[in-house]
Amino acid sequence: MYDYYLGGSHNFAVDRATARAMVAAVPQAPLMAQANRAFLRRAVQFLTDAGIRQFLDIGSGIPTVGNVHEIAQLHAPDSRVVYVDVDPVAVAHSREILAGNDRTAVIQEDLRQPDRILAHPDVRAMLDFSQPMAVLVVAVLHFVSDDDRPAEVLRTLRAALAPGSYLVLSQASDDGRDEAERAEAEEVYRRTDSPLWVRSRAELTGFFDGFELVEPGVVWVPQWRPETPESAEDAERAVFLGGVGRLGG
Amino acid sequence: MGEPPDGQPCAGVFARAWAKAVAGTSYLPMTHAQLELLLQRLTDLLAEALRAEPLDLRVGHKVADELVAAHIVSAEALGRTVEVIQLRLVRDLDLVSDDIEDRMARLLGAVATGYARALRDRTLDEQESIRRAAMTARVEAEQALRASEARFRHQANHDPLTDLPNRTLFAERLAAAVDGSAGSGRRVGLCFLDLDRFKRVNDSFGHQIGDRALVAAAQRLRRAVEPHLVARLGGDAFVVLVERSTGTGDVVAVAEAALAALSEPVVVDGHDVTVTASVGIVERRVAGTSPDDLMRAAGSTLHWAKSAGGAGWALYDAERDGREQARQELSAAIPAGLERGEFFLDYQPLTSLHDGSLLGVEALVRWRHPRLGVLRPDKFIGLAEETGLIVQLGGWVLAEACREAVGWTSTSGQPPYVSVNLAVRQVRRPGLVQEVRSLLRRTGLPPNRLQLEITESTMMTTSEEPVRALRALADLGIRIAIDDFGTGYSNLAYLRDLPVTELKVAGEFVRGLRTPEALADERILASLVSLAHALDLTVTAEGVETGGQAERLRAIGCDAGQGWHFGRPASPDHILARIR
Ligand SMILES: C[S@@+](CC[C@H](N)C(=O)[O-])C[C@H]1O[C@@H](n2cnc3c(N)ncnc32)[C@H](O)[C@@H]1O
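Residues numbered from 1 in each chain as written. Chains lettered and ligands numbered in written order. Predicted model: local features only at pLDDT ≥ 70, side-chain atom pairs only at ≥ 80, totals over all residues. Heavy atoms only, no water.

In the nomenclature of an unreviewed UniProt entry, chain B is known as Diguanylate cyclase (GGDEF) domain-containing protein of Micromonospora sediminimaris.

### Regarding the overall build of chain A
Looking only at helices and strands, chain A has ten helices and eight strands in total. By sequence separation, contacts in chain A at least 24 residues apart represent 73% of the contacts at least 6 residues apart. For chain A, the accessible area works out to roughly 10300 Å², and carbon and sulfur atoms hold 50% of it. (Helix = DSSP H or I, 4+ residues; strand = E, 2+ residues; numbered from the N terminus. Contact = heavy atoms within 4.5 Å. Areas by Shrake-Rupley, 256 points an atom, 1.4 Å probe, with all protein chains shown as cover.)

### Thoughts on the pattern of salt bridges
Opposite charge on two side chains makes pairing possible when the charged atoms of those side chains draw close. Applying the stated criterion across every chain yields a total of 38 salt bridges over all chains. In this structure, the salt-bridge partner of E109(A) is R116(A), at a minimum N-O distance of 3.0 Å. Take E109(A): its relative accessible area is 11%, and that puts it in the buried class. Its salt-bridge partner being R158(A), residue D209(A) comes within 3.8 Å of it at the nearest N-O pair. One end of the pair, D209(A), is in the loop between α10 (201–206) and β6 (211–213); the other, R158(A), is in helix α8 (residues 150–159), and 51 residues separate them in sequence. Assessed through its relative accessible area of 48%, D209(A) is described here as partly exposed. Classification of R158(A) by relative accessible area gives partly exposed; the value is 22%. Through salt bridges that share partners, E96(A), E128(B) and R132(B) make up one connected network. (Salt bridge = Lys/Arg side-chain N within 4 Å of Asp/Glu carboxyl O. Buried < 20%, exposed > 50% of the residue type's maximum accessible area, 1.4 Å probe, protein only.)

### Some details on the interface of chain B and chain A
Counting residues at the interface gives 24 residues for chain B, matched by 23 residues for chain A. Its largest share of buried area at the contact with chain A, chain B owes to Y27(B), E126(B) and I130(B), together 34% of the area lost on that side. Remark: the boundary between chain B and chain A carries one salt bridge. For R132(B), the salt bridge goes to E96(A), with nearest N and O atoms at 2.4 Å. At the junction of chain B with chain A, the criterion picks out ten residue pairs in polar contact (both at pLDDT 80 or more). It is helix α5 (residues 100–157) of chain B that contributes the most residues to the side of chain B that touches chain A, 13 residues altogether. For the side of chain B that touches chain A, a count of residues per class yields nine nonpolar, ten polar and five charged. (Buried area = accessible area lost by both parts, 1.4 Å probe. Polar contact = N/O pair within 3.5 Å; in protein donor to acceptor, adjacent residues only side chain to side chain. Nonpolar A, V, L, I, M, F, W, Y, C, P; charged D, E, K, R; others polar.)

### With respect to the site of the ligand
Residues and elements named next belong to chain A. The immediate surroundings of the ligand are formed by 18 residues, with Y2, R37, D85, D110 and L111 found nearest. Within the side chain of D85, one N or O atom sits 2.6 Å away from an oxygen atom of the ligand. For the ligand, a nitrogen atom lies 2.8 Å from a polar atom in the side chain of D110. Protein chains bury 89% of the 610 Å² of accessible surface belonging to the ligand in isolation. Take the shell around the ligand: its biggest share by element is three residues, from helix α3 (residues 29–49). Residue composition of the shell around the ligand, by class: eight nonpolar, four polar and six charged. (Near = heavy atom within 4 Å.)

### Focus on the sheet that holds strand β6 (residues 277–285) of chain B
Residue and element names in this part refer to chain B. Read from one edge of the open sheet, five strands run β2-β3-β1-β6-β7, paired in mixed fashion. Every interior strand has two partners, whereas the edge strands, β2 (229–234) and β7 (312–315), have only one. The sheet shows a mean angle of 20° between the axes of neighbouring strands, direction not considered. Of the strand pairs in this sheet, strand β1 (residues 187–195) and strand β3 (residues 237–245) are connected by eight bridges, and their pairing is antiparallel. Bridging across to β3, D194 finds its partner in A237. Together, β1, β2 and β3 form the strand contacts of helix α6 (residues 167–178), whose direction differs from that of β3 by roughly 25°. (Pairing = 2+ DSSP bridges. Axes fitted to C-alpha atoms, helices over the stretch in contact; angles between N-to-C directions.)

### Examining unusual backbone geometry
Residue and element names in this part refer to chain B. Put simply, E53 and P54 share a cis peptide bond, and its omega is -5°. Looking at where P54 falls in the secondary structure, it is placed in the loop between α2 (32–51) and α3 (58–69). The omega torsion across E226 and P227 is 5°, close enough to zero to call that bond cis. Positionally, P227 belongs in the loop between α8 (207–225) and β2.

### Brief notes about the pairing of strand β9 (residues 358–369) of chain B
Residue and element names in this part refer to chain B. When you tally the buried positions in β9, you get ten out of twelve residues, the bulk of the element. Summarising the sheet, strand β8 (residues 343–352) and β9 pair through nine bridges and their orientation is antiparallel. Bridge assignment links T351 to a residue of β9, and that residue is L358. Here β8 folds back onto β9, and the loop between the two strands holds five residues, one of which, G356, carries a positive phi near 75°. Looking at chain direction, β9 and strand β11 (residues 417–421) are connected through three bridges and run parallel. Residue pairing for β11: E362 is matched across the bridge by S419. Pairing geometry for β9 and strand β10 (residues 373–375), over three bridges, is antiparallel. Looking at the pairing, R368 lines up with V374 of β10. Hairpin geometry of β9 and β10 is characterised by an intervening segment of three residues between the two adjacent antiparallel strands.

### Details of the nonpolar core
If you look at the biggest cluster of nonpolar residues, it comprises 74 residues, and the most contacted ones within it are Y347(B), V418(B), V420(B), L450(B), L452(B), L473(B) and L553(B). Among the elements that make up this core, the one with the highest residue count is helix α13 (residues 390–405) of chain B (seven residues). Not counting chain neighbours up to four residues away, the residues in contact with L473(B) comprise L432(B), V433(B), V436(B), L452(B), I478(B) and I480(B). Grouped together as the second largest cluster of nonpolar side chains are 44 residues, F39(A), A72(A), V219(A) and V239(A) included. (Core = buried A, V, L, I, M, F, W, Y, C linked by side-chain atoms within 4.5 Å.)

Right under this line is the structure:
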């Protein structure tokens, strides 16, 4: 349904039905998705400008438009990207889209098992862990419950990175949300297979432990390095908080 | 979209308005500046078309295509595009002509048509691609499931250590091979193989190396007996199924191939591990046999190969198996026979060679088997000794002998003593002295009327216990005899330290006395007797069959005789008749 919000047609009737129910409860849902995707685009652009040429995109989704390799390779054609998703359909679709692009790889793994991701032969073949890279966990963490220890997952990933690497995070947050809206949105998600774990700004900031947050820190995604001042208006309507951290050293 | 050209890109007022109108209608994979630039280019195309003669409607299609290609893909985007062009394009770009309304309407129509067509195509493409992905994912999931099912089936049917088929799979294949629907002439064979003393490999090299040697042995076996099925039954036991055998030779060949394959040492971790194996071979017609029969027969045959020293094969022998099975059944029936009172005692006279008087009798156990009739001890004592039932049986004999003997009274002097055989296991049992003592107390039999016969081998032990027990019994006044003397080590020296009162010389020596030429035997016997007397022991000769033998024995100085010449084993009544 994320793809549906973005205006794509890579979706099924059930997704569309859920998406429409969600829009009824939270009218700005499509805007959320679009704002998040735009944040992803600006973040990748920032990273390529900062010299990053390797990307590990975990929870990459169904590639619609504006995929990480498209953005990165447009500016730096030698950029390499590994896409990771648990959803077999997303993985199969990514494979199809990426066939012939030998600077990308797709694997089916679970963010909650970072060791498996890090040890995966395709990951090892595509990415050089002695060099800086960017790990993207964008619009995924809210699918990971506290029981699955997201902080530990991120720590494991961090431990594998070379100094100068980056972490990009975004996830749904209820900072400043009104109670009725929150309840209604959660209700909709509960009816789907993917319950939503919204988190506060402080929690999200905590996930950057060990990284130095780049300006402007953890903010509503439209506020993260906006292209125009207007585009950052009413930013909390985007529901997603996001940020980028750099591993010092 | 593309990159901004060098120099300040600048979108006109119309393009900026257009960009504002479509922003947010769907996700746009570009910056706002890039969007304005794109729309500026499309604005230029539209303006040019409106000015040109004739009006080229394909420009409308092209503009629409580009919008959709840039992912400006929503109904709202189209609506707003039509609206903003209609409202502002002519005005903002100052496009004045007589037929501008007419041209505008046709161009907008072309944009809308082109847009609807492009969006439909894009939608269909995306739907198709996501469906294909879903299909691929499902196929992959099914393949993974099938693979895991296959793995699961394999695991259920194979031994995890060696990856050989396991007992379950073997049982299935054997059952199928013996299936009744098989042709009547079909034959089948089994090689039941067990590594000899494999525990020693584990003990000396450790289990890890033991396991690896086992894996190596399994691999060799598999290769050696191909294409026959070889399964690991557990531990170090394997079995080879030879289907459609044409005769014993086929299966023997398989067994020999297996043994040959195992004869080379296995090198594990730098250790030379040598294993040998024993194989039990069964080969027979399928008709009339069953998997259980075959397995049982193969198991017995393996046992024969093992007891023949290992490192070889043995072939099933129905007659031998029948005998062993009968023995087995007999031995299993002993406890019930005891309970039902099927055992009874006969007694054989032990007669004085000096005056012909009856000194004692030896109790001999018989079994009145309900099916086999009266059995003599050689038919079942050996079995009872193997299984340990001898303790129970021997205990009964001892008690019964004492019970009967106490009733024998003699008109002339001392009534005969009763002599009872004690098996090794009985002597080694801790409670023996206590048992005999309470038995004597219970029956009232005077200790000097009881003689216990033990074999030489009973005493050939390093352990002190049996000697101490015998001494305690002798101290009670019980007579202790060494039975079958001369058949074992016949070590007279050790007799000196034992509380023995009598030697019973084995019948072999006596038989020699039949012929006058057998001087050697007679001399051996004579020196034995004089040695025994020197040690203060009496000597009874067993197996005395003739008067001549009795005469010689008396001449040698032998004290007593036992054998047909003096009387066969008989019921207690006969004995009673003799003492009256
Ligand atoms: C909303 S999409 C985000 C796509 C992309 N990262 C973006 O922000 O545009 C979330 C994706 O995360 C995936 N996902 C959810 N839980 C995951 C997990 N535990 N491990 C890996 N991927 C996960 C889902 O299958 C889905 O494709």
